[in-house]
Amino acid sequence: MVSGSVMSVYSGDFGNLEVKGNIQFAIDYVDSLKELHVFVAQCKDLAAADVKKQRSDPYVKTYLLPDKGKMGKKKTLVVKKTLNPVYNEILRYKIEKQILKTQKLNLSVWHRDTFKRNSFLGEVELDLETWDWDNKQNKQLKWYPLKRKTAPVALEAENRGEMKLALQYVPEPIPGKKLPTTGEVHIWVKECLDLPQLRGSHLNSFVKCIILPDTSRKSRQKTRAVGKTTSPVFNHTMVYDGFRPEDLTEACVELTVWDHYKLTNQFLGGLRIGFGTGKSYGTEVDWMDSTSEEVALWEKMVKSPNTWIEATLPLRMLLIAKISK
């Protein structure tokens, strides 16, 4: 299971460089040594930190999450002036196999400039809970596409609760024409579960929806506020029309949960449901950062028109797009 990470555990510069290319590595657990070995072979087609000369000075960093701790961080050497660095280094962690099953392995690639500043070039995350250590294939070197960081947030992906929802795409046929040219996306916000209590037990929450890249007021819809519970039931359906088939690959449904208190709204967590490609209508955007679960829901909706597709997704920290008035 390879997923984009929902956390940022580094100091460094995110988001200035595009994320592209691949990393080749293998992992193995050596029972006799009680060690996890991460064999970092090479990367290819990395983004260029030095655009003029088309090169970077990349190195690879690994973490076991969530216990970053002392044992956490390992690094390869920096390979200078290349977009296709070869490392062939083994990074070792002394760790019991049982504990390893509770960890995620995060590999990230960074450019280190002459002032020792780091720029993020991409990452891969492996969930070790489901890893099959006995499978010989799993010991082979494999190529993994580098992914964007989803959101530089606090050290832990803290539990922000979940949202139960369903989506449906309804193509609208035009009289006399066989193929529909536009359609509607229906978003049924059913309920939230285990929302975080930021101010005692006085939760008064509501859900807001916008369809990015449109941040205008007409794109915004919201549910009513439901008070005094961490698991509010909304049962609210929002309908957005004018979706051409090609818009489905470029748009992203941003659902955010807020706690309304006196005159302020405090952000509790959110979802971004789309294809998570990092781009929209040809432009690189931060908000196209859907997790694999969020992408899976959108894909199913697009593949099965006129059908409600239900999911319960974990809410996460989002860097909220600036809303235009």
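As annotated in an unreviewed UniProt entry, the chain is Synaptotagmin-like protein 2 from Leptonychotes weddellii. For the record of the chain, the UniProt heading Subcellular location (unreviewed entry) holds the text "Cell membrane".

**As for helix H3 (residues 292-303)**
Look at H3: 16 Å from first C-alpha to last across twelve residues, which is about the 16 Å you get at 1.5 Å a residue. Looking at the packing, one finds that the buried side of H3 touches strand E9 (162-172), strand E10 (182-193), helix H2 (247-250), strand E15 (252-261), strand E16 (264-273) and strand E19 (309-314).

**Some words on the pattern of salt bridges**
The tally for this structure, following the rule as stated, stands at 15 salt bridges. Its salt-bridge partner being Glu246, residue Arg244 comes within 3.5 Å of it at the nearest N-O pair. Given a relative accessible area of 43%, Glu246 falls into the partly exposed group.

**What to know about the sheet that holds strand E6 (residues 104-112)**
Within the open sheet, the four strands sit side by side as E4-E3-E6-E7. Their pairing is antiparallel. The open sheet terminates on both sides in strands that have one partner only, identified here as strand E4 (74-75) and strand E7 (118-127). Two elements, strand E3 (residues 58-65) and E6, share eight bridges in a ladder whose sense is antiparallel. Pairing of Pro58 across the sheet is with His111, part of E6.

**Focus on the pairing of E6**
Most of E6 sits inside the fold, with seven of its nine residues counted as buried. Note that E6 and E7 share nine bridges and pair antiparallel. Following the sheet pairing, Trp110 is matched in E7 by Phe120. The loop that links E6 with its antiparallel partner E7 comprises five residues; one of these, Lys116, has a positive phi angle of about 65°.

**A word on the pairing of strand E1 (residues 22-30)**
Here nine bridges tie E1 to strand E2 (residues 35-44), and the two strands are oriented antiparallel to one another. Across the sheet, residue Val30 finds its bridge partner in E2, namely Glu35. Between E1 and E2, which pair antiparallel and follow one another directly, the connecting turn spans four residues, one of which, Lys34, has a positive phi of 50°.

**What about the state of the cysteines?**
All chains considered together, the criterion is met by zero disulfides. Here Cys209 is not disulfide-linked; the sulfur of Cys252 is the nearest cysteine sulfur, at 9.6 Å. Judged by relative accessible area, which is 0%, Cys209 ranks as buried.

**Details of the environment of Val51**
Summarising the element assignment, Val51 is placed in the loop between E2 and E3. The class of Val51 is exposed, set by a relative accessible area of 58%. Placed 34 residues apart in sequence, Val51 and Leu17 show a C-alpha to C-alpha distance of 9.9 Å.

About the criteria used
Residues numbered from 1 in each chain as written. Predicted model: local features only at pLDDT ≥ 70, side-chain atom pairs only at ≥ 80, totals over all residues. Heavy atoms only, no water. UniProt positions renumbered as here; feature names shortened; annotations may be inferred. Helix = DSSP H or I, 4+ residues; strand = E, 2+ residues; numbered from the N terminus. Expected span 1.5 Å × (residues − 1). Contact = heavy atoms within 4.5 Å. Salt bridge = Lys/Arg side-chain N within 4 Å of Asp/Glu carboxyl O. Buried < 20%, exposed > 50% of the residue type's maximum accessible area, 1.4 Å probe, protein only. Pairing = 2+ DSSP bridges. Disulfide = S-S within 2.5 Å.

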